[in-house]
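# Geometric and topological summary
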Amino acid sequence: GQWSHIATSIARVGATNSAVVSMFVNGKQVYKNIHSYTAVVDNLFPSSFSIGGNCCNNITSGIIDDVGLFSAPLIASEVQQLYALGAAEHGLAVK
């Protein structure tokens, strides 16, 4: 199989009802958009929180070897650093 690092960061925009959602794959940003903060929270954390699956039994095909939840949104350079650490742990060169 192939190892991949996947990260999502959600940053609330001040006191507004907006949030910036950023997604990264292997240290590269693949998505960034502003959404309603309420919609983000309701969709990501409905009544329970799961990793590797969701409420509809859509389950990730693969092994999840490391999970991190942070008290503040990560910026791109922090995600890149986490990717580099994970890649090194798995003996992979950073792309």
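Reading the values: rules and limits
- Residues numbered from 1 in each chain as written.
- Predicted model: local features only at pLDDT ≥ 70, side-chain atom pairs only at ≥ 80, totals over all residues.
- Heavy atoms only, no water.
- Helix = DSSP H or I, 4+ residues; strand = E, 2+ residues; numbered from the N terminus.
- Buried < 20%, exposed > 50% of the residue type's maximum accessible area, 1.4 Å probe, protein only.
- Areas by Shrake-Rupley, 256 points an atom, 1.4 Å probe, with all protein chains shown as cover.
- Pairing = 2+ DSSP bridges.
- Patch = residues over 30% accessible without salt bridge, like charges linked within 9 Å, V, L, I, M, F, W, Y side chains within 5 Å.
- Salt bridge = Lys/Arg side-chain N within 4 Å of Asp/Glu carboxyl O.

## Overview of the overall build of the protein chain
Each helix and strand in the protein chain was counted, giving two helices and three strands. Taken from N to C terminus, the helices and strands of the protein chain fall in the order β-β-β-α-α. A burial count over the protein chain gives 17% of its 95 residues as buried. Only carbon and sulfur atoms are counted for the fraction: they give 56% of the accessible area of the protein chain, which is about 7000 Å².

## Here we look at the pairing of strand 1 (residues 6-12)
Alignment of strand 1 against strand 2 (residues 18-25), held across seven bridges, turns out to be antiparallel. Counted as the bridge partner of Ala7 is Phe24 from strand 2. Taking the residues that link successive antiparallel strands as the turn, the strand 1-strand 2 hairpin has five residues, and the phi of Gly14 there is positive, at about 50 degrees.

## Some words on a nonpolar patch on the surface
A grouping of Ile6, Met23, Val25, Val30 and Tyr31 is seen on the molecular surface, where their side chains present a nonpolar patch of about 440 Å² in accessible area. Put simply, the parts of the chain that give the nonpolar patch at least two residues each are strand 2 and strand 3 (28-36). Structurally, the position occupied by Met23 is in strand 2.

Keep in mind these values describe shape, not function.
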